[in-house]
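Remarks on the overall topology
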Amino acid sequence: MNLHWSVGPGRPATLVAPHQPGVEEALHWLAAAHDALRAGLREHGAVYIRGLPVHSVETFAQVRDVLIPQRTPHLETVTPGGDLGHGVHSTTNLPAGDPIRTHNEDSYAPTFPGLLLFGCLSAPEQGGATPVADCRTVLRYLPSHLVERMRTHGWLLTRTYSDRLSADWRTAFATDSPAEVERRCAEDLVSCDWRPDGSLRTRGLRPGVVRHPETGEEVWFNHMAFWNEWALDEKVREILVDELGHGGLPFNTGFGDGLPLTRGELYTISAAYEAATVRRAWEPGDLMLVDNIRSAHGRDPFRGDRRIVVATGAPTTFADCRATVAPAPAPLPVPMRMVA
């Protein structure tokens, strides 16, 4: 089957599907078009499919079963979002006026989704696009010394689970058992440390530059800018640091060589993401299929009722991506000195 993709500056590849009178017909068409859709995804990294009758969680789950039947496991709760059943989740329910920085889904996990499927059940009045950035292009736009540092040392993610201004470990891990948390941390290759106040701190080393398992192309693949303290609103960061200290922040990141990310380096990485980003406004029924290794995604601020659902699949490991840094637990040192 030949498909006609519309591609324009600043816009992701988009396909307007032929009219389908009902859900069953739409599913049959998707099955017939499956190979051509995946070929489009290999070429573009993220593709919109517009015009299908996908208006419920149940229908979206049926579409997911056609496009990405092999699911990935759901990890611990990190940011607010809801389980809607059928292996479908609502996207992160952070305040509508705040953007969500570009990232690769679950890049901190030993096993992460190779594919994401988004669906629009209700489009916002204004804004609210899910921008996507080509991670090959991000890599090209970054200065060579940053890329080489990431390629050689990877990145560190430090997380603190507490009742103070962050998710507590019972909620995040969905258990009351410290032993189960420790087992999960060992399985996920992160160190864990129980603090005197009952909070939990974890730390893991992860590769930040990997190769796509199908094409062999090198890509920038990580959450380092997403969860860095300099990514916070300045006033929020000051409040959190005053209240919790640098070592008690809910999230923080640095390079695997132990040095923190500076404010200037964060701006450089953010600019590379934005230069590589395309976006399209959602319409009800829209689908977006994303290669999670080739493309990072985020969320624009919005106004109005926005209901976007997501499902993940095609589980992938760092070994599949020929990572140059092996994921591993990392020691929990004294708080890092931050550099502006």
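My aim in this report is to walk through the structure given alongside it, one point at a time. (Residues numbered from 1 in each chain as written. Predicted model: local features only at pLDDT ≥ 70, side-chain atom pairs only at ≥ 80, totals over all residues. Heavy atoms only, no water.)

Turning our eyes to something else, we now look at the overall build of the chain. For the chain, the count of helices and strands is eight helices and 20 strands. The C-alpha radius of gyration of the chain comes to 20 Å, within 12% of the 20 Å expected for a compact globule of 340 residues. Across the 340 residues of the chain, 51% fall into the buried class. Surface exposure of the chain reaches about 14,900 Å², of which carbon and sulfur atoms provide 52%. In the chain, the 33 positive side-chain charges and the 41 negative ones have mean positions that sit 4 Å from each other. (Helix = DSSP H or I, 4+ residues; strand = E, 2+ residues; numbered from the N terminus. Rg over C-alpha atoms; globule rule 2.2 N^0.38 Å. Buried < 20%, exposed > 50% of the residue type's maximum accessible area, 1.4 Å probe, protein only. Areas by Shrake-Rupley, 256 points an atom, 1.4 Å probe, with all protein chains shown as cover. Lys, Arg positive; Asp, Glu negative; His and termini not counted. Charge placed at Lys NZ, Arg CZ, Asp CG, Glu CD.)

Moving on, we come to the pattern of salt bridges. Here the structure, examined in full by the defined rule, presents 21 salt bridges. Between Arg294 and Asp134 there is a salt bridge, with the nearest N and O atoms lying 3.5 Å from each other. Residue Arg294 is located in the loop between β16 (287-291) and β17 (295-299), and its partner Asp134 is located in strand β8 (residues 132-134); the two are separated by 160 residues in the primary sequence. The class of Asp134 is buried, set by a relative accessible area of 14%. Among the ionic pairs, Asp193 bridges to Arg195, the shortest N-O distance being 2.4 Å. Of the residues examined, Asp193 reaches a relative accessible area of 27% and is grouped as partly exposed. One continuous salt-bridge network, built from bridges that share partners, spans Asp134, Arg136, Glu217 and Arg294. (Salt bridge = Lys/Arg side-chain N within 4 Å of Asp/Glu carboxyl O.)

Below, the discussion takes up unusual backbone geometry. The phi torsion at His86 lies on the positive side, around 60°, for a residue other than glycine. Within the element layout of this structure, His86 appears in the loop between β3 (83-85) and β4 (88-90). Positive phi, close to 55°, is recorded for Ala314, a residue that is not glycine. Assignment of secondary structure puts Ala314 in strand β19 (residues 307-317).

What follows deals with the sheet that holds β3. Strand pairing within a sheet occurs via backbone hydrogen bonds; the two strands may be parallel or antiparallel. Here seven strands make up an open sheet; going across it, the order is β1-β2-β16-β6-β19-β4-β3 and the pairing mixed. Where the open sheet ends on each side, the last strands, each with one partner, are β1 (13-16) and β3. When the angles between neighbouring strand axes are averaged without regard to direction, this sheet yields 25°. Sheet topology places strand β2 (residues 46-50) next to β16; four bridges connect them, and they run antiparallel. Pairing of Ala46 across the sheet is with Val290, part of β16. Sheet strands in contact with helix α1 (residues 23-44) are β1, β2, β6 (111-122) and β16, and its direction is about 145° off that of β2. Sheet strands in contact with helix α2 (residues 57-67) are β3, β4, β6, β16 and β19, and its direction is about 145° off that of β6. (Pairing = 2+ DSSP bridges. Axes fitted to C-alpha atoms, helices over the stretch in contact; angles between N-to-C directions. Contact = heavy atoms within 4.5 Å.)

For an α-helix the count is 3.6 residues per turn, leaving residues at separations of three or four pointing the same way. Of the residues making up helix α4 (residues 144-153), those classed as buried are Leu146, Val147, Arg149 and Met150. In an axial view of α4, the angular spread of the buried residues amounts to 160°, which keeps them on one side of the axis. Facing away from the buried side of α4 by more than 90 degrees, the exposed set consists of Ser144 and His145. In the core, the buried residues of α4 are packed alongside α3 (135-141), β9 (155-161), β12 (209-211), β13 (218-220), β14 (251-255) and α8 (263-275). Looking one or two places after α4, you find Gly154, whose phi comes out positive at around 70°. (Arc of directions from axis to C-beta.)

To continue, consider the pairing of β17. Judged by how many residues are buried, β17 sits mostly within the fold: five of five residues are covered. Across the two faces of β17 the burial is the same, with Ser295, His297 and Arg299 and Ala296 and Gly298 all buried. Sheet topology places strand β5 (residues 100-103) next to β17; two bridges connect them, and they run antiparallel. From the neighbouring strand, His103 faces β17, where its bridge partner is His297. Bridging between β8 and β17 involves three bridges; their strand directions are antiparallel. Within β17, the position partnered with Ala133 by the bridge is Ala296.

By themselves these figures say nothing about function.
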